[in-house]
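Chain and residue survey
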Amino acid sequence: MFKIQFTDETRFGIYFLLGLLGLILFLLILSFFLGGDEKAAVVEKEKEKVVIITQPEQKTPIQKPPPESVVSTVRDAMKKGNYSTAYIEINPVSKGSPEYEEIRKQAAEESQRRKAPGVRKEAGASPGAPLRYLDESTPRDRAKDAIYVYFVDISGALWPRFCIQAAAQRPLGITGFTINADKIKIEFIASPIKVENTEKGVAEWYDVPLDRRGYEAVKAMIKAKNVTLTITGSRGKTTREVTDKEKKGFRNILDGYTALGGNLNYLQENKPAPSTPHKKHP
């Protein structure tokens, strides 16, 4: 077999060239892998820059009642004495809104009215008589002349009443009353009349549910400057002035009655007064 013979210098050159080619190949391979890592880093950085935006879950908004219905609800509740409703219902209404101010004003006015200045509460004068609400100026007994309105509490319901009483040494045998309020004249047939002996003589009084006619007389007396009350009886007649205290007492009781939940609408229509449940009255 034919063999090529290389000199030592030739062999050294070949080995050197092969080593150089191997080094170049190694660097190429190394560069390839290092470049892949850099690309991966770039991709990773690009991924870091990606911002994913999702729409947040939306909660169902609380449905607020229309402002008109809130105001109406509060007004009705306060008429029935339910004050908590005013403060519960005022929350859904925006502060500073006209509806908020109206509810706040209603609550303040009703709170002031419910203090019912000048009105006293007391048990009936006789056993079994209902609780009574009277003005401070109203006499506590029958031994004084008086004209007034008051109301009674029967099983939680309030009932307004109208009373005229006269005290004298001898009974007049009262048959009627005449009220002159400025130019307005209102007459009442006095039936029924109750009679009671007092330390100084006798007392007679007319005590009935407040009806439309009585309410008109009370309103006329409140507005009038000069008011006189004439009591006519089978044994004579007496006339006196209705005092400013008595007129103020009418107003206090009517205000106190409505403030505590009473309703006078039936007196402003052409309807008879509702019948009062049977109870003893003083």
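Right above here is the structure, for reference.
Attention in this report is confined to the structure presented alongside it. Small disclaimer: the values here were computed from a predicted structure and weren't measured. (Residues numbered from 1 in each chain as written. Predicted model: local features only at pLDDT ≥ 70, side-chain atom pairs only at ≥ 80, totals over all residues. Heavy atoms only, no water.)

1. Notes on the overall build of the chain
The test is simple: Secondary structure elements are defined from DSSP: runs of H or I of at least 4 residues count as helices, runs of E of at least 2 residues count as strands, and each element is numbered from the N terminus. Remark: exposure states derive from per-residue accessible area (1.4 Å probe, protein chains only) relative to the maximum for the residue type, with buried under 20%, exposed over 50%, and partly exposed in between. The contact definition used throughout considers only heavy atoms, calling two residues in contact when any of these lie within 4.5 Å.
When you go through the chain residue by residue, the secondary structure sums to 6 helices and 10 strands. Counting over 282 residues, the chain shows a buried share of 34%. Looking at the chain alone, contacts between residues at least 24 apart form 57% of all its contacts between residues at least 6 apart.

2. Considerations on the sheet that holds strand S5 (residues 174–181)
For the record, the criterion: Two strands pair if DSSP finds at least two bridges between them. For every element, the axis is a line fit to its C-alpha atoms; helices are fit only across the contacting stretch, and the angle between N-to-C directions ranges from 0 to 180 degrees.
Reading across from one edge, S6-S5-S9-S10 is the order of the 4 strands in this open sheet, with antiparallel pairing throughout. Edge strands, defined here as strands with exactly one partner in the open sheet, are strand S6 (184–189) and strand S10 (236–241). Across the sheet, the mean angle separating the axes of adjacent strands is 15° when strand polarity is ignored. Bridge analysis of strand S9 (residues 227–233) against S10 gives 6 bridges, and the strand direction is antiparallel.

3. With respect to the side chain of Glu246
We count it as follows: Counting of polar contacts relies on pairs of N or O atoms within 3.5 Å, with two restrictions inside protein: one atom must be capable of donating a hydrogen and the other of accepting it, and residues adjacent in sequence are counted only when both atoms are side-chain atoms.
Note on placement: Glu246 falls in helix H6 (residues 244–259). Overall, the relative accessible area of 13% leaves Glu246 in the buried class. From its side chain, Glu246 meets the backbone nitrogen of Thr243 in a polar contact 2.9 Å long. Residues contacting Glu246, with those up to four places away along its chain left out, are Asp145, Ala146, Ile147, Arg240 and Glu241.

4. A look at H6
To keep things clear, this is the line we draw: One less than the residue count of a helix, multiplied by 1.5 Å, gives the span that helix is expected to have.
Compared with the 22 Å implied by 1.5 Å per residue over 16 residues, the 22 Å span of H6 between its first and last C-alpha is a close match. Those residues of H6 that sit buried are Glu246, Lys247, Gly249, Phe250, Asn252, Ile253, Leu254, Gly256, Tyr257 and Ala259. The first or second residue beyond H6 is Gly261, which carries a positive phi of 105°.

5. Some details on helix H5 (residues 212–223)
For H5, which comprises 12 residues, the first-to-last C-alpha distance of 17 Å matches the rise-based estimate of 16 Å (1.5 Å per residue) to within 8%. Listing the buried residues of H5 in full gives Gly214, Tyr215, Ala217, Val218, Ala220 and Met221. Tucked into the core, H5 has its buried residues touching strand S3 (146–154), strand S4 (157–168), S5, S6, S9 and H6.

6. Topic: the pairing of strand S8 (residues 201–209)
Counted residue by residue, S8 has 8 buried out of 9 residues, so it is predominantly covered. When S4 meets S8, the two strands line up antiparallel, connected through 8 bridges. Of the residues in S8, the one forming a bridge with Phe162 is Val208. Counting the residues that bridge the hairpin from strand S7 (residues 194–198) to S8 gives 2 residues.

7. Here's the deal with the sheet that holds S7
In space, the 6 strands of this open sheet follow the order S1-S2-S3-S4-S8-S7, with antiparallel pairing throughout. Looking along the sheet, the strands with just one partner apiece sit at the ends: strand S1 (119–122) and S7. Here the average twist between neighbouring strands, direction ignored, is 30°. In this sheet, S3 lies alongside strand S2 (residues 131–135) in antiparallel orientation, the contact comprising 3 bridges. Bridging from a neighbouring strand, Leu131 pairs with Asp153 of S3. Each of S1, S2, S3 and S4 touches H6; the most contacted strand, S3, lies at about 15° to it.

8. Here's the deal with the packing of aromatic side chains
Definition in use: Stacked, edge-to-face and tilted are the three classes for Phe, Tyr and Trp ring pairs, Trp counted by its six-membered ring, which pair at centre distances within 6.5 Å; planes under 30 degrees apart are stacked, over 60 edge-to-face, the rest tilted.
Applying the stated criterion across every chain yields a total of 5 aromatic pairs. Relative to Tyr150, the ring of Tyr148 lies with its centre 5.9 Å away and its plane at 45°, an arrangement referred to as tilted. No difference in accessibility class separates Tyr148 from Tyr150, as the two residues are buried. With centroids separated by 5.4 Å and ring planes inclined at 45°, the aromatic side chains of Phe177 and Tyr206 adopt a geometry described as tilted. One end of the pair, Phe177, is in strand S5; the other, Tyr206, is in strand S8, with 29 residues separating them in the sequence.

9. Topic: the pattern of salt bridges
Let me state the cut-off plainly: In what follows, salt bridge is the name for a side-chain nitrogen of Lys or Arg lying within 4 Å of a carboxyl oxygen of Asp or Glu.
Evaluation of the coordinates by the stated rule reveals 8 salt bridges. Ionic pairing is found between Glu122 and Arg120, a salt bridge with its closest N-O pair at 3.2 Å. Comparing Glu122 with Arg120, the two get one shared label, buried. The residue Arg132 makes a salt bridge to Glu122 at a minimum N-O spacing of 2.5 Å. Taken together, the residues Arg132 in strand S2 and Glu122 in strand S1 connect sequence positions 10 residues apart.

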